[in-house]
Amino acid sequence: TRSTRPQRMLKAVQKNATKGNPESVISAIDYFCKNSEWAMNVGDEKGSILDSVVTEVNPSTVLELGTYCGYSTVRIARLLSPGTKLITLEFNPAYAAVARQIIAYAGLQDKVTLVEGPSSELIPQIKERFGITTFDFIFLDHWKDRYLPDIKLFEECGLLRKGSVLLADNVICPGTPEYLEYVRNSPHYESRYYPAHLEYTKVEDGLEKSVFLG
Ligand SMILES: CNc1ncnc2c1ncn2[C@@H]1O[C@H](/C=C/CNC(=O)c2cc(-c3ccc(F)cc3)cc(O)c2O)[C@@H](O)[C@H]1O
Ligand SMILES: [Mg+2]
């Protein structure tokens, strides 16, 4: 049977990147998406903004919603301090399998815990399963209509602390109107929009950074 796009992306990484070199894995995926097949990775332009926010926060506890092929997982994990791990949630087993291989190719498997399952089920389990009290940094890049219900779940489960930073992809395209309305109008968040473009295109998109105020 025909291979899938994530499988072809993995092949491109194995062919063009250097094992153990995260930068080369990132470049190989961006090259594949620009020259072979578009894919919904956060990409290089928004990825640089993601890098700068992660570097600024220098988080000890990190959560990503929506691993997909692991592109943003590699971008984040390569910047974490020694001993810091990130948890990434992915409910599609085929995508998770590709992501594990791309993360491992980058040599970052010891900095990543990929958990297979839906965020709605896993978020309430995180405290006891991983011994986390609160998250310093959360990257949202899963189904766009799940951003709002999932941050409400973070609040209910006590996973946010004063200063927790949430960074959301695609707030313009495909768009997350309910989420934006909430974080921009809630007294519990200080929100800021980082304009950019939809990965590998000239279409407007951007990231929304929201700091939980307690
Ligand atoms: C709901 N709870 C969940 N729990 C765990 N994993 C979940 C998940 N929802 C989705 N996922 C996974 O996240 C990933 C889904 C991401 C959804 N992203 C998008 O739809 C998206 C879509 C576009 C896009 C933009 C323009 C366009 F024309 C076509 C697509 C661009 C992006 O940057 C995107 O992130 C998949 O790997 C999916 O299996
Ligand atoms: Mg996205």
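Figured I'd write up the structure that's included with this text. As the structure is a prediction and not an experimental result, all values here were calculated from the model.

### Regarding the site of ligand 1
Item 1. In the vicinity of ligand 1 there are 23 residues, among which E90, S119, D141, N170 and E199 approach most closely.
Item 2. At a separation of 2.5 Å, an oxygen atom of ligand 1 approaches a polar side-chain atom of E90.
Item 3. N170 has a polar side-chain atom sitting 2.7 Å from an oxygen atom of ligand 1.
Item 4. If ligand 1 stood free it would expose 780 Å²; the protein chains cover 83% of that surface.
Item 5. Judged by its atoms lying within 2 Å of the grid points, ligand 1 is housed in the largest pocket.
Item 6. For the shell around ligand 1, the elements supplying multiple residues, two or more each, are strand 2 (85-90) and helix 9 (171-175).

### Examining the nonpolar core
Item 1. Ranked by size, the top nonpolar core spans 44 residues in total, and within it M9, I29, I76, I102 and F137 carry the most contacts.
Item 2. Not counting the four nearest positions on each side in its chain, I29 is found in contact with M9, V13, N41, Y71, I102 and Y200.
Item 3. Among the nonpolar cores identified, the runner-up in size contains 28 residues, and I123, Y147, V171 and Y182 belong to it.

### Some remarks on the side chain of T67
Item 1. By secondary structure assignment, the location of T67 is in the loop between strand 1 (61-65) and helix 4 (71-77).
Item 2. Taking the relative accessible area as the measure of exposure, T67 reaches 3% and is therefore buried.
Item 3. Side-chain polar atoms of T67 contact the side chain of T88, separated by 2.7 Å.
Item 4. Look past the residues within four positions of T67 in its chain and what remains in contact with it is T73, T88, L89, E90, A99 and L114.

### Considerations on the packing of aromatic side chains
Working definition: an aromatic ring pair is given by the centre-to-centre distance plus the angle between the planes.
Item 1. Summed over the entire model, instances satisfying the criterion amount to five aromatic pairs.
Item 2. Centroid distance F91 to W143: 6.0 Å. Interplanar angle 70°. Geometry classified as edge-to-face. Placement of F91 in the loop between strand 2 and helix 5 (93-105) and of W143 in the loop between strand 4 (137-140) and helix 8 (147-156) is noted, with a sequence separation of 52 residues between them.
Item 3. For F91, a relative accessible area of 47% puts it in the partly exposed group.
Item 4. Arranged with centres 5.5 Å apart and planes meeting at 90°, the rings of Y147 and Y179 form a pair that is edge-to-face. Note that Y147 is positioned in helix 8 and Y179 in helix 10 (residues 177-185), a separation of 32 residues in sequence.
Item 5. When its relative accessible area of 0% is taken as the criterion, Y147 is described as buried.

Analysis parameters
Residues numbered from 1 in each chain as written. Chains lettered and ligands numbered in written order. Predicted model: local features only at pLDDT ≥ 70, side-chain atom pairs only at ≥ 80, totals over all residues. Heavy atoms only, no water. Near = heavy atom within 4 Å. Polar contact = N/O pair within 3.5 Å; in protein donor to acceptor, adjacent residues only side chain to side chain. Areas by Shrake-Rupley, 256 points an atom, 1.4 Å probe, with all protein chains shown as cover. 1 Å grid on protein atoms, 1.4 Å probe; cavity = no way out; pocket = protein on both sides within 12 Å on 5 of 7 lines; lining within 4 Å. Sits in = over half its atoms within 2 Å of the grid points. Helix = DSSP H or I, 4+ residues; strand = E, 2+ residues; numbered from the N terminus. Core = buried A, V, L, I, M, F, W, Y, C linked by side-chain atoms within 4.5 Å. Buried < 20%, exposed > 50% of the residue type's maximum accessible area, 1.4 Å probe, protein only. Contact = heavy atoms within 4.5 Å. Phe/Tyr/Trp six-rings, centres within 6.5 Å; stacked < 30°, edge-to-face > 60°.

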